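What follows is each chain in one-letter form.
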Amino acid sequence: MEGHAFARRLKEHEKQLVADLTNMNVTPHDILSIIKERDENNVSTLKTVYNERLKLRSSRNYGKTPMQVLMEILNEKHFVTDFSVNSISNELENLFFIHPRSLEYMEGIFTRFDYRCNIQDQQIWYAFCSDCWHNFNQQDI
């Protein structure tokens, strides 16, 4: 019975443990190790843990569009986002997202670049991304 799928199924408390550890960003391999440490008769495999994580993700995202799921993830991870929507069709036209640390790095690069361009009386980088850059500089990060 050891190789049978029924024997590899996770018990309810093990499913909850997988959910909790997944939320804490524990790797599937480590989750399986913890489950086997707690129950030495457990014959679950790594695939069992991956399947349970997939069920969790699917249930969490049920009824949401892929764009809603993406925006939720970006907000959870504190990404700076900006987007534009077509006023007639209400369809997404542009989406821009960046991690705050990357934004700080980019601000440093563009500040130096802007300084060099202003010396030559050219403001090239404004043509690069002036609208979105202006919007992001207005936000509190």
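Look up a bit, the structure's there.
Source: prediction; values computed, not measured. (Residues numbered from 1 in each chain as written. Predicted model: local features only at pLDDT ≥ 70, side-chain atom pairs only at ≥ 80, totals over all residues. Heavy atoms only, no water.)

Brief notes about the pattern of salt bridges
Oppositely charged side chains are able to pair whenever their charged atoms sit close together.
Phase 1 of the analysis: Counted under the stated rule, the structure contains three salt bridges.
Phase 2 of the analysis: The salt bridge involving Glu 12 is made with Lys 15; its shortest N-O contact spans 3.7 Å. Residue Glu 12 and its partner Lys 15 are both found in helix 2 (residues 12–23); the two are separated by three residues, about one turn of the helix.
Phase 3 of the analysis: Since its relative accessible area comes to 60%, Glu 12 is described here as exposed.
Phase 4 of the analysis: Judged by its relative accessible area of 26%, Lys 15 is partly exposed.
Phase 5 of the analysis: The partner of Lys 64 in a salt bridge is Glu 72, with the nearest N and O atoms 2.6 Å apart. (Salt bridge = Lys/Arg side-chain N within 4 Å of Asp/Glu carboxyl O. Helix = DSSP H or I, 4+ residues; strand = E, 2+ residues; numbered from the N terminus. Buried < 20%, exposed > 50% of the residue type's maximum accessible area, 1.4 Å probe, protein only.)

Focus on helix 3 (residues 28–38)
Helical periodicity: at 3.6 residues per turn, an α-helix aligns residues three or four positions apart in one direction.
Phase 1 of the analysis: Every buried residue of helix 3 is accounted for by Pro 28, Ile 31, Leu 32 and Ile 35. Looking straight down helix 3, one finds its buried side chains confined to an arc of 100°; they lie on one side. Of the exposed residues in helix 3, those oriented more than 90 degrees away from the buried face are His 29 and Glu 37.
Phase 2 of the analysis: Each element contacted by the buried residues of helix 3 is listed here: helix 2 and helix 4 (46–60). (Arc of directions from axis to C-beta. Contact = heavy atoms within 4.5 Å.)

Section: helix 4
Phase 1 of the analysis: Counted at 1.5 Å a residue, the expected span for helix 4 with its 15 residues is 21 Å, and the 21 Å between its end C-alpha atoms agrees.
Phase 2 of the analysis: Taken as a whole, helix 4 has its buried residues at Thr 48, Val 49, Glu 52, Arg 53 and Leu 56. The arc that holds the buried residues of helix 4, viewed along the axis, is 135°, so those residues lie on one side. Projecting away from the buried face of helix 4 at angles above 90 degrees are the exposed residues Lys 47 and Lys 55. (Expected span 1.5 Å × (residues − 1).)

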